[in-house]
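Chain by chain, the residues:
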Amino acid sequence: MKTIITIQHTQSIHHTNGMVGSWTDWELSELGIEQAKKIGKKLKNELAGKDFVIYSSDLMRAKQTAENVGRYLGIMPVLAKELRERNLGRCCGKSVQWLRENQEMQEKTVDDRLFSDAESRRDEWNRLKPFFDEVMKSEKDNIIIVSHGDLLSVFNAMFMGLEVESINDVEVFGLPGGVSYMFENDEGKRYIKRISDMSYVS
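Quick summary incoming for the structure in this document.

So, how was this worked out
Residues numbered from 1 in each chain as written. Predicted model: local features only at pLDDT ≥ 70, side-chain atom pairs only at ≥ 80, totals over all residues. Heavy atoms only, no water. Salt bridge = Lys/Arg side-chain N within 4 Å of Asp/Glu carboxyl O. Helix = DSSP H or I, 4+ residues; strand = E, 2+ residues; numbered from the N terminus. Buried < 20%, exposed > 50% of the residue type's maximum accessible area, 1.4 Å probe, protein only. Core = buried A, V, L, I, M, F, W, Y, C linked by side-chain atoms within 4.5 Å. Contact = heavy atoms within 4.5 Å. Pairing = 2+ DSSP bridges. Axes fitted to C-alpha atoms, helices over the stretch in contact; angles between N-to-C directions. Phe/Tyr/Trp six-rings, centres within 6.5 Å; stacked < 30°, edge-to-face > 60°. Lys NZ or Arg CZ within 6 Å of the ring centre and 35° of its normal. Patch = residues over 30% accessible without salt bridge, like charges linked within 9 Å, V, L, I, M, F, W, Y side chains within 5 Å. Areas by Shrake-Rupley, 256 points an atom, 1.4 Å probe, with all protein chains shown as cover. Lys, Arg positive; Asp, Glu negative; His and termini not counted. Charge placed at Lys NZ, Arg CZ, Asp CG, Glu CD.

Taken as a whole, this structure holds 18 salt bridges when the rule is applied. A salt bridge links glutamate 124 to arginine 121; the nearest nitrogen and oxygen atoms lie 3.2 Å apart. With glutamate 124 and arginine 121 both in helix α5 (residues 121-137) and 3 residues apart, this pair spans about one turn of that helix. As far as the burial class goes, glutamate 124 and arginine 121 line up, both buried. Taken together, the shared-partner salt bridges in this structure form one network comprising Arg86, Glu107, Arg121, Glu124, Asp150 and Glu171.

The following block contains the structure:
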């Protein structure tokens with residue numbers, strides 16, 4: 001049985017100041033740090049006696065979440081650029097209002113880009129897919145992944161065995177600090193038993 005726990009990074013400064021997240025390297029807010037510690041404390045109790053590895057986006061807000069969780073589990077996170085949030089190109093470092101007023105294209109399909117130098121959802125999917133396949137084939141049975149909302153929605157679709165085009169019609173998004181539990185049994189059947197559980201930060 002393979003267990004995968006995904007954690008959406010906790011509250012970041014960009015959640016409070018109206019700025020775009022994406023590849024801008026925001027840190028966690030004070031609340032976000034406390035939320036990450038709460039997740040770590042609760043997972044420590046749940047995962048006692050089990051060996052886990054933590055993979056994290058290398059962007060600061062995810063890295064800080066993973067480090068705070070990892071301290072309670074005695075694990076140092078392994079950083080992976082593949083787990084970064086979707087790159088929104090020239091609007092990085094700008095406000096959400098600027099994005100709305102200056103976006104070059106409405107996103108209607110997985111191939112559309114808000115800006116010519118941004119990633120489409122398909123680009124994001126293709127960036128994540130080799131990492132996802134490696135995780136699923138890995139001999140490591142207990143894995144924690146710390147990443148971002150948009151990226152984890154793509155991860156969810158992959159885990160459910162959907163094609164990238166499915167995101168045109170349906171996807172599963174979480175919330176900052178949400179914890180999800182996913183399992184794959186020895187026959188290869190996959191289960192999602194908890195999605196974006198916010199009780200970990202309460």
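Ranked by internal contacts, the top residues of the largest apolar core, which has 24 residues, are Ile4, Leu83, Leu128, Phe131, Ile145 and Phe155. Elements represented by at least two residues in this core include exactly β2 (53-56), α5, β4 (142-147) and α6 (149-159). Tallying contributions element by element places α6 first for this core, with 7 residues. With residues near it in sequence (within four places) discarded, leucine 128 still touches Glu82, Leu83, Leu151, Val154, Phe155 and Met158. If you look at the next biggest cluster of nonpolar residues, it comprises 18 residues, including Ile54, Ala62, Ala66 and Tyr200.

What follows is about the sheet that holds strand β1 (residues 2-8). Here we have 6 strands laid out as an open sheet, ordered β3-β2-β4-β1-β5-β6, and mixed in their pairing. Both edges of this open sheet fall to β3 (78-79) and β6 (190-197), since each of them pairs with a single strand only. Against the sheet, helix α3 (residues 60-73) engages β1, β2, β3 and β4, with an angle of about 170 degrees to β2. Sheet strands in contact with α6 are β1, β4, β5 (179-184) and β6, and its direction is about 155 degrees off that of β1.

All right, on to unusual backbone geometry then. The phi torsion at serine 22 lies on the positive side, around 45 degrees, for a residue other than glycine. Turning to its location among the elements, serine 22 is positioned in the loop between α1 (14-17) and α2 (30-46). If you check the backbone angles, serine 196 has positive phi at about 45 degrees while not being a glycine. Within the element layout of this structure, serine 196 appears in strand β6.

The next subject is the environment of valine 154. Mapping valine 154 onto the fold places it in helix α6. The spatial distance from the C-alpha of valine 154 to the C-alpha of valine 164 is 8.1 Å, given a sequence separation of 10 residues. The contact partners of valine 154, leaving out residues within four places of it in the chain, are Arg121, Glu124, Trp125, Leu128 and Ile167.

Another aspect to go through is the pairing of β1. Burial analysis of β1 places 7 of its 7 residues in the buried class, which makes it a mostly covered element. Both faces of β1 are covered, namely the face carrying Lys2, Ile4, Thr6 and Gln8 and the face carrying Thr3, Ile5 and Ile7. As defined by bridge partners, β1 adjoins β5 across 6 bridges and the pair is classed as antiparallel. If you follow threonine 3 over to β5, its bridge partner there is phenylalanine 183. Across 6 bridges, β1 lies against β4 in parallel orientation. Residue pairing in the sheet places isoleucine 7 in a bridge with valine 146 of β4.

What follows covers the packing of aromatic side chains. A full pass over the atoms with the stated rule returns 4 aromatic pairs. With centroids separated by 5.5 Å and ring planes inclined at 90 degrees, the aromatic side chains of tyrosine 55 and phenylalanine 131 adopt a geometry described as edge-to-face. Of this pair, tyrosine 55 sits in strand β2 while phenylalanine 131 sits in helix α5, and the two are 76 residues apart along the sequence. As far as burial versus exposure is concerned, tyrosine 55 and phenylalanine 131 are alike and both buried. Note that lysine 193 overlies the ring of phenylalanine 183, its terminal NZ or CZ placed 5.3 Å from the centroid. When the ring centre of tyrosine 191 is taken as reference, the NZ or CZ atom of lysine 193 above it lies at 5.8 Å.

A cluster of acidic residues, Glu139, Asp141, Asp186 and Glu187, forms a negative patch on the protein surface. Topologically, glutamate 187 is positioned in the loop between β5 and β6. On the accessibility criterion, glutamate 187 (69% relative accessible area) is exposed.

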